[in-house]
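One-letter residues, chain by chain:
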Amino acid sequence: MALHKAFDADFQDYLQNHDTVVVKYFANWCGSCKLIAPKFRKLAERETYQDLFFLDINAEENPEARKAAGVTNLPFFAVFHKGKRVEGDTTAKIESVEAMIQRAIKEEA
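The rules behind these values
- Residue numbering note: each chain is counted from 1, following its sequence as written.
- In view of the model being predicted, local features appear only for residues whose pLDDT reaches at least 70, and side-chain atom pairs are presented and counted only at 80 or more, with totals across whole chains, interfaces and linings using the full set of residues.
- Heavy atoms from the whole structure form the basis of all side-chain values; hydrogens and water molecules are not counted.
- Buried residues of nine kinds, namely Ala, Val, Leu, Ile, Met, Phe, Trp, Tyr and Cys, make up a nonpolar core once their side-chain atoms join them within 4.5 Å.
- Only protein chains enter the accessibility calculation, which uses a 1.4 Å probe; a residue is then buried when its area is under 20% of its type maximum, exposed when over 50%, and partly exposed in between.
- Secondary structure elements follow DSSP: runs of H or I no shorter than four residues count as helices, runs of E no shorter than two count as strands, and numbering proceeds from the N terminus.
- We call two residues in contact when some of their heavy atoms are within 4.5 Å.
- By definition, the arc is the one covered by directions from the helix axis to the C-beta atoms.
- Known as pLDDT, the predictor's confidence for each residue is given on a scale from 0 to 100.
- Counted as a polar contact is a pair of N or O atoms within 3.5 Å, where, for protein atoms, one must be capable of donating a hydrogen and the other of accepting one, and residues adjacent in sequence contribute only when both atoms are in side chains.

Enquirer: Whenever I open this one, the nonpolar core confuses me. Can you help?
Expert: Most often, soluble globular proteins keep nonpolar side chains buried together rather than apart. Ranked by internal contacts, the top residues of the largest apolar core, which has 22 residues, are Phe11, Val23, Tyr25, Leu55, Leu74 and Phe80. Elements with a minimum of two residues in this core: α1 (8–17), β2 (20–26), β3 (53–58), α3 (63–69) and β4 (76–81). It is β2 that contributes the most residues to this core, 4 residues altogether. If we ignore the near neighbours within four places in the chain, the residues touching phenylalanine 80 are Phe11, Leu15, Asp19, Thr20, Val21, Val23, Tyr25, Ala68, Ala69, Arg85 and Val86. Formed by 15 residues, the second largest nonpolar core is a distinct cluster that contains Leu43, Leu52, Phe77 and Ala104.

Enquirer: Can you walk me through α1 in this structure?
Expert: Every α-helix carries 3.6 residues per turn, so stepping three or four residues along brings you back to the same face. Where α1 is concerned, the buried positions are Phe11, Tyr14 and Leu15. All buried residues of α1 project into a common sector of 95 degrees when viewed along the axis, lining one side. Exposed residues on α1 whose side chains face more than 90 degrees from its buried face are Ala9, Gln16 and Asn17.

Enquirer: How should I be thinking about the confidence of the model for the chain in this particular structure?
Expert: Keep in mind that low pLDDT regions are not for reading the predicted coordinates in detail. When pLDDT is averaged along the chain, the result is 95, and 98% of the positions lie at 70 or above. β3 holds the highest mean pLDDT among the elements of the chain, 98, whereas helix α4 (residues 94–108) holds the lowest, 91.

Enquirer: Would you explain unusual backbone geometry in this entry?
Expert: Trans is the common state for peptide bonds, and a negative phi is the common state for residues other than glycine. At the junction of leucine 74 and proline 75, the peptide bond is cis and its omega measures out at -5 degrees in the coordinates. Within the secondary structure, proline 75 is located in the loop between α3 and β4. Even without being glycine, lysine 82 reaches a positive phi, approximately 50 degrees. Following the sequence through the fold, lysine 82 ends up in the loop between β4 and β5 (84–90). Judged by relative accessible area, lysine 82 falls into the exposed class, the value being 57%.

Enquirer: Is there a simple way to explain the side chain of aspartate 56 in this structure?
Expert: Examined against the element boundaries, aspartate 56 turns out to sit in strand β3. Looking at aspartate 56, the relative accessible area reads 12%, which means it is buried. Of the polar contacts made by the side chain of aspartate 56, one reaches the side chain of lysine 24; its length is 3.0 Å. In contact with aspartate 56, other than residues within four places in its own chain, are Leu3, His4, Lys5, Ala6, Lys24, Phe26 and Phe40.

If you want it as structure tokens, here you go:
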């Protein structure tokens, strides 16, 4: 699955049209956000996660999407299942993001 850019205008549509959505919240000035971006893109492209939908959201430009996840710091990652946030945390480690995804998938099963 590819990584998609999302905005306040389409964020809720993505949540409603996909069972599980993994979101990276970032800001253009955030160095850690820039460092983890290529790793998150590769994660989104893994065949293992083909049933998940991955989004990239600029937290500063999309306050409604940011509020829906309870973003407190950047980079922030959240997993939504059937429109509700089930996981969310600030991290710059892709291993932590993957662990978050694994926990969310287990809860779905």
